Amino acid sequence: MNWQEVCADTALQNIPYKIELNRWGQIVMSPAKNKHSVYQGVIQSIIQSMIKEGLTYPECPIQTEDNVKVADVVWISRERYQKIKNDDVCSIAPEICIEIKSSSNTQEEMKFKKELYFKAGAAEFWLCNENGEMSFFNSDGQIINSAIVPNFPIYVEL
């Protein structure tokens, strides 16, 4: 399948799972848990309160070299948004791609997604663990804090 077919499939429109595609066009589904969704909302809200330009939103489909991955939260500049605003799936990654690690995710999976987002054009990758601890990365490796949102906390409290 391709992303447009997934989006058009009425059987998939209301399922309570996050959908991604692997490199063979197979659907990969992960169940959403309440805590995961709350972290998404809180992270999005904090970013919006700290940086007024650009857009922050959840569940962003990004075309990667391993097909479509869906970042839990992203921040994208208005300039970059103009390039992808009509895309069904982002042809270039937003500047910040954020994943919230669930108990079903492995560290290897998170590392793999981080690398995919950087190859797709992300400037930063953030990882929120199951306890709300934040880790920030650029393409050179782990950094102390975000260069784009430098005052973002290293711990997200629910």
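Residues numbered from 1 in each chain as written. Predicted model: local features only at pLDDT ≥ 70, side-chain atom pairs only at ≥ 80, totals over all residues. Heavy atoms only, no water.

S.K.: How would you summarise unusual backbone geometry if you had to cite specific residues and measurements?
M.R.: Positive phi, close to 55°, is recorded for E59, a residue that is not glycine. Here the phi dihedral of N67 falls at roughly 75°; this positive angle occurs in a residue that is not glycine. The topology assignment puts N67 in strand β4 (residues 67-76). What makes N67 buried here is its relative accessible area of 16%. (Helix = DSSP H or I, 4+ residues; strand = E, 2+ residues; numbered from the N terminus. Buried < 20%, exposed > 50% of the residue type's maximum accessible area, 1.4 Å probe, protein only.)

S.K.: Requested: an account of the pairing of strand β5 (residues 96-100), with residues and values cited.
M.R.: Counting buried residues in β5 gives 5 out of 5 residues, a clear majority hidden from the surface. Alternating residues of β5 divide into I96, I98 and I100 and C97 and E99, and every residue in both groups is buried. By the bridge criterion, 3 bridges tie β4 to β5 in an arrangement that is antiparallel. Looking at β5, one finds that V74 is bridged to C97. For β5 and strand β6 (residues 124-128), the ladder comprises 5 bridges, and the chain directions are parallel. Note that in β6 the partner of E99 across the bridge is L127. (Pairing = 2+ DSSP bridges.)

S.K.: Now, about the packing of aromatic side chains: what can you tell me, with residues and values included?
M.R.: For the coordinates displayed, the defined rule picks out 5 aromatic pairs. Among the aromatic residues, those joined into a cluster by ring pairs are Y117, F125 and F137. The lysine or arginine in question, K114, covers the ring of F137, its NZ or CZ lying 4.3 Å from the ring centre. (Phe/Tyr/Trp six-rings, centres within 6.5 Å; stacked < 30°, edge-to-face > 60°. Lys NZ or Arg CZ within 6 Å of the ring centre and 35° of its normal.)

S.K.: Summarise helix α2 (residues 34-50); cite the residues concerned and give the values.
M.R.: The end-to-end C-alpha distance of α2 is 25 Å, a good match for the 24 Å that 17 residues give at a rise of 1.5 Å each. Those residues of α2 that fall on the buried side of the exposure criterion are H36, Y39, Q40, I43, Q44, I46 and I47. Taken around the axis of α2, the buried residues stretch over an arc of 165°, which confines them to a single face. (Expected span 1.5 Å × (residues − 1). Arc of directions from axis to C-beta.)

S.K.: Before we move on, can you summarise helix α4 (residues 107-119) with the specific residues and values?
M.R.: The terminal C-alpha atoms of α4, which comprises 13 residues, lie 18 Å apart, in line with the 18 Å expected from a rise of 1.5 Å per residue. Those residues of α4 that fall on the buried side of the exposure criterion are M110, K113, K114, L116, Y117 and F118. Phi turns positive, to about 115°, at G121, one or two residues after α4.

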